Amino acid sequence: MLATQLNHMIPEGKLDTNAIIRVDKIVSNSVSERRVLILLELSIIAKGTDVANKIGNPVQWTEQTASLSNNIGTPTRPTTNGTSNTRPASTLTTSYGGGGNSAFYGKSSGAPKSTCIGEMHTGPVVPIRDLNPYNSRCAIRARVTNKSDVRTWSNARGDGKLFNIDILDDSGEIRMTGFNNSVDQFFDTLEIGAVYVFKNFQVKNANPAFNRLPHDYELSMGNDMQIIPCLVDTSSIPTATYNFVDIAKIEDLLKDNLVDVIGICKQRGEVVTFTSRAGKEFTKRDIFLVDKSNREVKIKPTHFIFICL
């Protein structure tokens, strides 16, 4: 089965009958007691029009053929003349995520590792980089790098509240949002800098209007969400990640992109007091940075972190 983001390859003619592909990333899920392979990323090695004919005589995979492969070691496959050909049995080793119904392959930091973490969790965890809507039934281990204030809303559909956290592991960073009951349950307990195991969350497409992290997806806390403090060595989980950009290249970036800059403070402005649209009073001080690219930029201190070296 093709993942939704690959469906365009069919009408565009990129993926046709008898095409030869390389599977770069795949997820194996159980759906109604059937095993379904979902292709997340693939590369076209040869188009079907160039190959012309299918290779070999493939047969449908079933539990019976798998059992036969394991018991005999040389599974048979029928041919058009009624005889059978044998081929050496191949071994496929899978590593499953939480719940035992997801396997991960391809371009990643490897299959989920079985790790004893947290007070109540012993089992496999998945790198943040590999999260997608098809493998949400798993666990991740990550450090909280940012936590927002609780925000409320009121409209014709009712009232509500939410908060966000940004979480990080050695493969990437992603945002998680908690709504209503999750705010009451987790907001006061989650600490910036602490490492937790997160289970039973929902994965959805990231909304760039509210989420500027580079991950394609974001997470929502589910009704049965579990957040377990990690009580073992967490030194392998980074505290922050940076992608430094020369000041000269900032003008080539898209508006609202988040960037990291290393520079020297050339000048600082006066402290200015201003009132926001919401009626709150703030103070600010503009600063001017220069770096090795011999360019200067003015920074308005709103959402950034200074680290002095």
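Before reading on, note that the structure itself is shown above.
Residues numbered from 1 in each chain as written. Predicted model: local features only at pLDDT ≥ 70, side-chain atom pairs only at ≥ 80, totals over all residues. Heavy atoms only, no water.

I tried to follow a nonpolar patch on the surface on my own but got confused; where do I start?
A contiguous nonpolar patch, built from I21, V23 and I44 and spanning about 190 Å² of accessible area, is present on the exposed surface. Tracing the sequence through the fold places V23 in strand 1 (residues 20-31). (Patch = residues over 30% accessible without salt bridge, like charges linked within 9 Å, V, L, I, M, F, W, Y side chains within 5 Å. Areas by Shrake-Rupley, 256 points an atom, 1.4 Å probe, with all protein chains shown as cover. Salt bridge = Lys/Arg side-chain N within 4 Å of Asp/Glu carboxyl O. Helix = DSSP H or I, 4+ residues; strand = E, 2+ residues; numbered from the N terminus.)

Quick question: what am I supposed to make of the nonpolar core here?
Core analysis: the biggest nonpolar cluster contains 26 residues, and I165, I167, M176, F198, F201, L219 and M221 have the highest contact counts within it. At the level of secondary structure, the elements contributing two or more residues to this core comprise strand 8 (139-147), strand 10 (158-169), strand 11 (172-179), helix 3 (181-186), strand 12 (195-205) and strand 13 (217-229). Look past the residues within four positions of L219 in its chain and what remains in contact with it is L131, I140, I167, I174, R175, M176, T177, F201, Q202 and V203. (Core = buried A, V, L, I, M, F, W, Y, C linked by side-chain atoms within 4.5 Å. Buried < 20%, exposed > 50% of the residue type's maximum accessible area, 1.4 Å probe, protein only. Contact = heavy atoms within 4.5 Å.)

How should I be thinking about the sheet that holds strand 18 (residues 296-299) in this particular structure?
Reading across the sheet, the three strands line up as 14-17-18 and stay open at both edges, with antiparallel pairing between neighbours. At either end of the open sheet lies a strand with only one pairing partner, and these are strand 14 (264-268) and strand 18. Strand-to-strand twist in this sheet, taken as the mean axis angle between neighbours without regard to direction, amounts to 30 degrees. Examined bridge by bridge, strand 14 and strand 17 (residues 287-290) share four bridges and lie antiparallel to one another. The residue of strand 17 that forms the bridge with R268 is I287. (Pairing = 2+ DSSP bridges. Axes fitted to C-alpha atoms, helices over the stretch in contact; angles between N-to-C directions.)

Please explain the pattern of salt bridges as it appears in this structure.
Between side chains of opposite charge, a pair can form when the charged atoms approach closely. Within this structure, the stated rule accounts for seven salt bridges. In this structure, E12 and K14 form a salt bridge, with 3.2 Å as the shortest nitrogen-oxygen distance. You can call E12 partly exposed: its relative accessible area is 47%. The class of K14 is partly exposed, set by a relative accessible area of 41%.

I tried to follow the side chain of S148 on my own but got confused; where do I start?
Within the secondary structure, S148 sits in the loop between strand 8 and strand 9 (151-155). Judged by its relative accessible area of 15%, S148 is buried. Here the side chain of S148 touches N164 through a polar contact of 2.8 Å, landing on its backbone nitrogen. (Polar contact = N/O pair within 3.5 Å; in protein donor to acceptor, adjacent residues only side chain to side chain.)

When you look at the pairing of strand 10 in this model, what are you seeing that I'm missing?
Look at any regular strand and the pattern is simple: side chains alternate between the two faces of the sheet. Burial of strand 10 is extensive: nine of the twelve residues sit out of reach of the surface. Both strand 8 and strand 10 contribute to a ladder of four bridges, which runs antiparallel. Across the sheet, V144 pairs through a bridge with I167, a residue of strand 10. In this antiparallel pair of consecutive strands, strand 9 and strand 10, the connection spans two residues. Relative to strand 11, strand 10 runs antiparallel, the two sharing eight bridges. The residue of strand 11 that forms the bridge with L162 is F179. Where strand 10 hands over to strand 11, the hairpin turn is made up of two residues, counted between the paired strands.

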